[in-house]
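# Chains, contacts and geometry: an overview
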Amino acid sequence: MIQEIAPKTFDPAFRQQKPEDRDFLLHYEYNKVMLKREGDRLMIPTVGELLEEAPEIAAKAEYLFSIDDRAYFGMPDMAVPEFGGYVLEGMQIFRKFDPMYQGFAGITGGQIYRFRESRKYCGRCGHRMEYSQTERAMVCPGCKQTEYPKISPAVIVAITNGDKLLMSRYAHGTYRHFALIAGYVEVGETFEECVRREVMEEVGLRVKNIRYYKSQPWAFSDSVMIGFTAELDGDDTIRLQEEELSEAGWYTRDQVEDYSPCISVGHEMMRAFKSGTL
């Protein structure tokens, strides 16, 4: 999965520090990220590569996190240099980024960027928010309201019916591959209750033997995915929620697509079913 970057180690701890030339710089504009193109390769640029074009980085770049001994900094307000091969690319490029640990860094930095952009003003009193100096948060200087990064819990479930797996396609968006049933957890709801509700709402099925599989941070949608397996309970007739899904069906192991790279917990569960380990 995209966050599995071993032997490298991700360190999300908040701290105050100044950028060094060898550190990486992440600059986002809406749903795009600035990368450096060298030939056919795209890379996250370093601070040192950008200092001549944007000297303000030394004083204004904000520490985000580290991977091993290399830090990543965010710089929200800067112009993309006209020279040097710098380009803006859509965030989906990180799904197949090489090396993958840089893809994980890119989407994680994007999650922090979106949080800060959406919390510029206090929702309680309207004051302009400020960066906290002690933790990853936005603080209102007026009423002291504190806002933390948005992390929305969502479940994703691999439902089996003997030697078949339930897979579906979304009705909207650009992702057209098959996927597992998934949905966001509602207020006052347990993860297991969310599994039952989402499955009933989207395909009209009952499930049993709900078991935790594993979890995954999924920064593309500011969420954390909690993976489950479950078995069909009763009638296997699918009643499609057409507002959410364009199709759904029961598929045998040899009909399951072998995703590469396997970046999500959903992909991993589908691969496990295909191989017979789930």
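Keep in mind it's a predicted model, so treat the numbers as computed, not measured. (Residues numbered from 1 in each chain as written. Predicted model: local features only at pLDDT ≥ 70, side-chain atom pairs only at ≥ 80, totals over all residues. Heavy atoms only, no water.)

Here we take up the environment of Met75. By the element assignment, Met75 lies in the loop between β7 (70–74) and β8 (86–90). In sequence terms Met75 and Gly85 are ten residues apart; their C-alpha atoms lie 18 Å from each other. What Met75 contacts, discounting residues up to four positions off in sequence, is Leu25, Leu26, His27, Glu56, Ile57, Lys60 and Ala61. (Helix = DSSP H or I, 4+ residues; strand = E, 2+ residues; numbered from the N terminus. Contact = heavy atoms within 4.5 Å.)

Time to look at empty space enclosed by the protein. Evaluated as defined, the whole model comprises one cavity of 30 Å³ or more. Roughly 110 Å³ of internal volume is contained in the largest cavity. In this structure, the largest cavity is lined by 14 residues; those nearest its centre are Gly74, Met75, Pro76, Tyr113 and Arg116. Mapped onto the lining of the largest cavity, the elements with two or more residues apiece are β6 (62–67) and α3 (100–118). Its residues assigned to classes, the lining of the largest cavity shows eight nonpolar, three polar and three charged. (1 Å grid on protein atoms, 1.4 Å probe; cavity = no way out; pocket = protein on both sides within 12 Å on 5 of 7 lines; lining within 4 Å. Points joined across faces, edges and corners; volume = space filled by probe spheres on them. Nonpolar A, V, L, I, M, F, W, Y, C, P; charged D, E, K, R; others polar.)

The next subject is the domain arrangement of the protein chain. Segmentation of the protein chain into domains returns domain 1 (10–118), domain 2 (119–149) and domain 3 (152–275). Distance from the C-alpha centre of domain 1 to the C-alpha centre of domain 3: 32 Å. On the domain 3 side, the residues contacting the ten residues of domain 1 number nine residues. Carbon and sulfur atoms make up 64% of the surface buried where domain 1 meets domain 3, a total of about 890 Å² over both sides. Across the domain 1-domain 3 interface, the total number found is one salt bridge. (Domains from an automatic or database assignment. Buried area = accessible area lost by both parts, 1.4 Å probe. Salt bridge = Lys/Arg side-chain N within 4 Å of Asp/Glu carboxyl O.)

As a further point, take the sheet that holds β7. The four strands are arranged β1-β6-β7-β2 in an open sheet whose pairing can be described as mixed. Both edges of this open sheet fall to β1 (10–11) and β2 (24–26), since each of them pairs with a single strand only. Where β1 and β6 come together, two bridges link them in antiparallel fashion. Residue pairing in the sheet places Asp11 in a bridge with Ser66 of β6. Here α3 sits on the sheet in contact with β1, β2, β6 and β7, set at roughly 150° to β6. (Pairing = 2+ DSSP bridges. Axes fitted to C-alpha atoms, helices over the stretch in contact; angles between N-to-C directions.)

With antiparallel pairing, three strands are arranged side by side in an open sheet as β9-β10-β11. Where the open sheet ends on each side, the last strands, each with one partner, are β9 (130–131) and β11 (146–147).

Each pair of aromatic rings is reported with the distance of its centres and the angle of its planes. In total, this model carries ten aromatic pairs according to the counting rule given. Ring centres of Phe10 and Phe65 lie 5.3 Å apart, and the angle between their planes is 65°; on these two criteria the pair is classed as edge-to-face. One end of the pair, Phe10, is in strand β1; the other, Phe65, is in strand β6, and 55 residues separate them in sequence. Take Phe10: its relative accessible area is 26%, and that puts it in the partly exposed class. Relative to Tyr113, the ring of Tyr28 has its centre 5.4 Å away and its plane inclined at 25°; by these criteria the two rings are stacked. Placement of Tyr28 in strand β3 (residues 28–29) and of Tyr113 in helix α3 is noted, with a sequence separation of 85 residues between them. The burial state of Tyr28 is the same as that of Tyr113; both residues are buried. Members of the aromatic cluster, each reached through a chain of ring pairs, are Phe10, Phe24, Phe65, Tyr72 and Phe104. (Phe/Tyr/Trp six-rings, centres within 6.5 Å; stacked < 30°, edge-to-face > 60°. Buried < 20%, exposed > 50% of the residue type's maximum accessible area, 1.4 Å probe, protein only.)

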